[in-house]
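Observations on the three-dimensional arrangement
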Amino acid sequence: MVDAFFPDVTDRVPFGGLHGADPLAFRVYEPDRVVLGKRMEDHLRIAVCLWHSFNWPGSDVFGVGTFDRPWLNPAAEPMAAARAKLDAAFEFLQKLGMPYFCFHDRDVAPEGNSWRETQRILDEIIDDIGRRMSDTGVKLLWGTANLFSHPRYAAGAATNPDPEIFAVAAAQVKSMLEATQRLGGENYVLWGGREGYESLLNTDLAREEQQLARFLALVAEHKHRIGFDGMLLLEPKPQEPTKHQYDYDAATVLGFLQRHDLAGEYRVNLEVNHATLAGHSFHHEIATAIAGGIFGSVDANRGDPQNGWDTDQFPGSVEELSLAVYEIVQAGGFTSGGFNFDTKLRRQSMDRTDLFHAHIGGIDTVARSLLVAARLIEDGELKRLRNERYAGWNGELGRTLLGETDLDAIAERVLGGDIDPRPVSGRQERIENLVNKAIWSVDAETASVAGARAG
Ligand SMILES: [Mn+2]
């Protein structure tokens, strides 16, 4: 039995209720609470990410790491360090009581001196992770390969001008896709952090688009060949680290997939802070992906309205997330996706327990957003008003316009005088009031229900 890395949290984080005194207890999140006929845990499918939470020392471009992560000490023996990291991560997952985690190959396994040795190390660590998963019951929401940290990927992976780097990236994705399958992972994610350009002066856009499409087709083909039944997901982000990234936002990804006949193979993993970097609300990204039939999963976090970079903070706004959760639940909810906490502590959050406080607050925010979304769906008024707005399209004229007609026939009908449109109110403020009503009524209800349960 290894010593606890988080000794201040001795047991599973409990539900304490909205007015509970324990700062290390959930105020809203109750896995077994039934919402719209389904357990909260099954709606939200929450995952902890290993990269920011266990593989990042709290460094920034101006300073070194500030966190207490002994396994990241460069003097540590690499395999012992890799195991110490997994010990701490699985202790955290169990104490937090979350059903899923996500990781990149390089988060868990150090690179060896040759490709063959790197593969051997990864294999050994994947077996170790498999044992920990069966011991704890924690599952893998998705796996992914890090195609952006190593200097070889400075000019991209699939879109690199050097075909040898494309080949290495392809071998790396094959190995991590197979590892994800071995661990029963439910999705595989590709984030193209360096699939883009720094300067158009040295970039052949058309060629790089073809390379990316070819790479994704190879991955999809391999998925079918090995019988991996998880979903393939692309994660849009407009820039950072690269000046411009090709998977800019959900709409750009949808267009790319359709141009290359890949729309049946890939969906999107949408991140809140990536939406805001693209100049969109998260609500916009979710609604766009759902409308385009490519919604898959969510990376939960948030940016800071005062700056323009990817701060990856823990979610704290029920107002922002409620609308996104409303769209997701209204569309039938997650299938293989979930809420992955792709979130970073602030650099000054140096106590080990800060990682618990951060996740507890973020998870409660997501749980409260689910309650608001459920309230909006149960109330039905939002949906009714939207349906009413388009009711004309269900009538004879609407059906004719979308069916058998042409511009001559339409113009003739307008000239005939039986068409006399009257603009009507979009009722935006009335509808916005409905959203606030749901938020406020859930506040009141959560207080009483949680108080009663905790009491
Ligand atoms: Mn992410």
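Look up a bit, the structure's there.
It should be emphasised that the depicted structure is a prediction, and the values quoted were computed from it without experimental measurement.

Here's the deal with the overall build of the protein chain
Secondary structure summary: the protein chain contains 16 helices and twelve strands in total. The C-alpha atoms of the protein chain give a radius of gyration of 24 Å, which matches the 23 Å a tight globule of 455 residues would have. A principal-axis box enclosing the C-alpha atoms of the protein chain has dimensions of 85 × 65 × 45 Å. Within the protein chain, the fraction of its 455 residues that count as buried is 41%. Restricting to contacts in the protein chain with at least 6 residues of sequence separation, those with at least 24 account for 77%.

Some details on the sheet that holds strand 10 (residues 266–271)
Around the barrel, which closes on itself, the eight strands sit in the order 3-4-5-6-8-10-11-12 with parallel pairing between neighbours. The sheet shows a mean angle of 30 degrees between the axes of neighbouring strands, taken without regard to direction.

Re the pairing of strand 11 (residues 295–300)
Of all six residues in strand 11, six are buried; the element is thus mostly enclosed. Alignment of strand 10 against strand 11, held across four bridges, turns out to be parallel. Looking at the pairing, V268 lines up with F295 of strand 11. Relative to strand 12 (residues 339–341), strand 11 is paired through three bridges, and the arrangement is parallel. Its bridge partner being in strand 12, V298 is matched across the sheet by F339.

Things to note about the environment of D418
Along the chain, the position of D418 falls in the loop between helix 15 (407–415) and helix 16 (428–454). Exposure remark for D418: the 8 C-beta atoms within 10 Å place this residue in the exposed category. When the C-alpha positions of D418 and C49 are compared, they lie 60 Å apart, and in sequence the two are 369 residues distant.

Regarding the nonpolar core
Membership of the largest hydrophobic core comes to 109 residues, with the highest contact counts inside it found for A47, V48, F101, L233, V268, A367 and L370. Those residues in contact with V268 that sit more than four places away from it in its chain are L233, L234, E235, P236, A250, V253, A289, I294, F295 and G296.

A short note on the pairing of strand 5 (residues 139–144)
A regular strand places its side chains so that they alternate between the two faces of the sheet. The buried count for strand 5 comes to five of six residues, which makes it a mostly enclosed element. In terms of strand pairing, strand 4 (residues 100–104) meets strand 5 through five bridges, oriented parallel. Bridged to Y100 within strand 5 is K139. Once you follow strand 5 into helix 6 (residues 163–182) and on to strand 6 (residues 187–190), the crossover reads as right-handed.

Comments concerning helix 10 (residues 282–291)
Every α-helical turn comprises 3.6 residues, leaving residues that sit three or four positions apart pointing alike. Along helix 10, the positions that sit buried rather than exposed are F282, E285, I286, A287, T288 and A289. Against helix 8 (250–259), strand 10, helix 9 (272–277), strand 11 and helix 11 (318–330) lie the buried residues of helix 10. A positive backbone phi angle near 75 degrees is found at G293, which sits one or two residues after helix 10.

What about the packing of helix 10 against helix 11?
The contact between helix 10 and helix 11 brings their axes to 8 Å, and the two run at 10 degrees. Taken as axis vectors, helix 10 and helix 11 run roughly parallel relative to one another. Residues F282, H283, I286, A287 and I290 of helix 10 lie in contact with helix 11, whose contacting residues are E320, L323, A324, E327 and I328. Split by residue class, the contact of helix 10 with helix 11 holds seven nonpolar, one polar and two charged.

Quick notes on the environment of E412
Inspection of the secondary structure puts E412 in helix 15. Judged by local crowding, E412 falls into the exposed class, with 10 C-beta atoms found within 10 Å.

What to know about unusual backbone geometry
With glycine set apart, most residues show a phi of negative sign, and most peptide bonds adopt trans. Between E240 and P241 the backbone carries a cis peptide bond, its omega angle lying at 10 degrees. One can find P241 in the loop between strand 8 (231–234) and strand 9 (244–245). Even without being a glycine, D312 presents a positive backbone phi close to 55 degrees. Take D312: it is sitting in the loop between strand 11 and helix 11. Overall, D312 belongs to the buried group, with 22 C-beta atoms counted inside 10 Å.

Describing the packing of helix 6 against helix 7 (residues 205–226)
Following both chains from N to C, one finds helix 6 and helix 7 inclined at 30 degrees, their axes separated by 11 Å at the closest point. Regarding the angle of helix 6 to helix 7, the classification is roughly parallel. For the pair helix 6 and helix 7, the crossing hand works out as right-handed. Here helix 6 contributes F166, A170, V173, K174, L177, E178 and Q181 to the contact with helix 7, which in turn contributes Q211, F215, L218, V219, H222, K223 and I226. Its residues assigned to classes, the contact of helix 6 with helix 7 comprises eight nonpolar, three polar and three charged.

Considering the environment of A158
Along the chain, A158 turns up in the loop between strand 5 and helix 6. Assessed through the 25 C-beta atoms surrounding it within 10 Å, A158 is described here as buried. For the pair A158 and R225, spaced 67 residues apart in sequence, the C-alpha to C-alpha distance is 20 Å. Apart from the residues lying within four places of it in its own chain, the contact partners of A158 are F166, A169, E195, Q211, L212 and F215.

Cut-offs applied
- Residues numbered from 1 in each chain as written.
- Predicted model: local features only at pLDDT ≥ 70, side-chain atom pairs only at ≥ 80, totals over all residues.
- Helix = DSSP H or I, 4+ residues; strand = E, 2+ residues; numbered from the N terminus.
- Rg over C-alpha atoms; globule rule 2.2 N^0.38 Å.
- Buried ≥ 20, exposed ≤ 12 C-beta atoms within 10 Å, placed from the backbone.
- Contact = placed C-beta atoms within 7 Å.
- Pairing = 2+ DSSP bridges.
- Axes fitted to C-alpha atoms, helices over the stretch in contact; angles between N-to-C directions.
- Core = buried A, V, L, I, M, F, W, Y, C linked by C-beta atoms within 7 Å.
- Right-handed = clockwise from strand over helix to strand, strands pointing away.
- Parallel < 35°, antiparallel > 145°, perpendicular 65-115°, else oblique.
- Nonpolar A, V, L, I, M, F, W, Y, C, P; charged D, E, K, R; others polar.
- Left-handed = near helix turned anticlockwise from the far one by under 90°.

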